[in-house]
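# Breakdown of the fold
What follows is each chain in one-letter form.
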Amino acid sequence: MRSASDDFSILVAALQKADLVGALQGDGPFTVFAPTNAAFEKLLKELNISAADLLAHPQLKDVLLYHVVSGKVMSTDLSNGLEAKTLKGDNVKVDLSAGVKINNSTVTTADVAASNGVIHIIDTVLVPADFKLVQAPVEVKPEPAMPKTVVDIALANKDFSILVAALQKA
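Everything in this summary refers to the structure shown in the same document. Values in this document were obtained by computation on a predicted structure and should not be read as measured data. (Residues numbered from 1 in each chain as written. Predicted model: local features only at pLDDT ≥ 70, side-chain atom pairs only at ≥ 80, totals over all residues. Heavy atoms only, no water.)

Assigned secondary structure in the protein consists of 7 helices and 7 strands. From first element to last, N terminus to C terminus, the protein shows the α and β order α-α-β-α-α-α-β-β-β-β-β-β-α-α. Scored against the burial criterion, the 170 residues of the protein give a buried share of 34%. Here the contacts in the protein between residues at least 6 apart in sequence split such that 59% fall between residues at least 24 apart. (Helix = DSSP H or I, 4+ residues; strand = E, 2+ residues; numbered from the N terminus. Buried < 20%, exposed > 50% of the residue type's maximum accessible area, 1.4 Å probe, protein only. Contact = heavy atoms within 4.5 Å.)

In terms of strand pairing, strand E5 (residues 101-102) meets strand E6 (residues 105-114) through 2 bridges, oriented antiparallel. Counterpart to Ile-102 in the pairing with E6 is Ser-105. Examined bridge by bridge, E6 and strand E7 (residues 117-122) share 5 bridges and lie antiparallel to one another. Considered in E7, the bridge of Ala-113 is made with Val-118. From the end of E6 to the start of E7, which pair antiparallel, there are 2 residues. (Pairing = 2+ DSSP bridges.)

As a further point, take the pairing of E7. Every other side chain in a regular strand lies on the same face of the sheet, so the side chains alternate between the two faces. For E7, the buried fraction is high: 5 of the 6 residues fall into the buried class. In terms of strand pairing, strand E1 (residues 30-35) meets E7 through 6 bridges, oriented parallel. Bridge pairing in E7 links Phe-30 to Gly-117.

Turning next to the nonpolar core. In terms of nonpolar packing, the biggest core is built from 27 residues, with Leu-11, Leu-15 and Leu-64 touching the most fellow members. Of all the secondary-structure elements, those providing two or more residues to this core are helix H1 (9-17), helix H2 (21-24), E1, helix H3 (37-47) and helix H5 (60-65). Phe-33, Val-69, Ile-122 and Leu-126 belong to the second largest nonpolar core, which has 11 residues in total. (Core = buried A, V, L, I, M, F, W, Y, C linked by side-chain atoms within 4.5 Å.)

Counted by the stated rule, this structure contains 2 cavities of 30 Å³ or more. Phe-33, Val-69, Val-73, Leu-78, Leu-82, Ala-84, Val-92 and Val-94 together form the lining of the largest cavity. In terms of residue class, the lining of the largest cavity is made up of 8 nonpolar, no polar and no charged. Counted as a void, the second largest cavity has a volume near 40 Å³. (1 Å grid on protein atoms, 1.4 Å probe; cavity = no way out; pocket = protein on both sides within 12 Å on 5 of 7 lines; lining within 4 Å. Points joined across faces, edges and corners; volume = space filled by probe spheres on them. Nonpolar A, V, L, I, M, F, W, Y, C, P; charged D, E, K, R; others polar.)

Spatial strand order, E2-E1-E7-E6-E5-E4-E3: 7 strands in an open sheet with mixed pairing. Sheet topology places strand E2 (68-70) and strand E3 (83-85) at the edges, where each strand pairs with a single neighbour. As paired strands, E1 and E2 are joined by 3 bridges and run antiparallel to one another. Bridge pairing links Phe-30 to Ser-70 in E2.

Another point: the side chain of Asn-37. Checked against the element boundaries, Asn-37 lands in helix H3. Leave out the neighbours within four places in its chain, and Asn-37 touches Asp-6, Asp-7, Phe-8, Ser-9, Ile-10 and Leu-11.

With that settled, consider unusual backbone geometry. Most peptide bonds adopt trans geometry, and most residues besides glycine take a negative phi value. Put simply, Gly-28 and Pro-29 share a cis peptide bond, and its omega is 5°. Here Pro-29 is to be found in the loop between H2 and E1. Unlike most non-glycine residues, Asp-19 shows phi in positive territory, near 60°. According to the relative accessible area criterion, Asp-19 is exposed, its value standing at 65%.

Counting along an α-helix, one turn takes 3.6 residues, and residues three or four places apart therefore face a common direction. All of the buried residues in H1 are Ile-10, Leu-11, Val-12, Ala-14 and Leu-15. On its buried face, H1 is in contact with H2, E1, H3, helix H4 (51-55) and H5.

Given below as structure tokens:
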């Protein structure tokens, strides 16, 4: 799957990693709330993780499915307070009191037509309530080995063979 814009490269990488590309290329129709790269970067900063950490997260698929609603829901179909069930099984809520918001995310571009549905571009990644940040295991580094003794170094290096012989003789 390729995105028509580089603004969605993180979303595309996440969809590929979660093996959802084929599902979203299906018949649908689907309504996708598509976060931009800036939206993902904002989330990564908030969670203090890298894109690689997010792509390896065990709940990545759930987060992505939380951005998809079955059916084609155009902006004209939205009403204030509307709740829509996502493919994850949880609801997202529409707030029209100040622009168009889906949960805490603002729709920046609505009604981008797709052959199997519609895309609404959003400025914040939608995070389901049951999302748990899994910290990467902290790498425990072994303590540095103590340097070898002068004798060990001298014995291991042929350049010190006369010194070693003299020390052994003494």
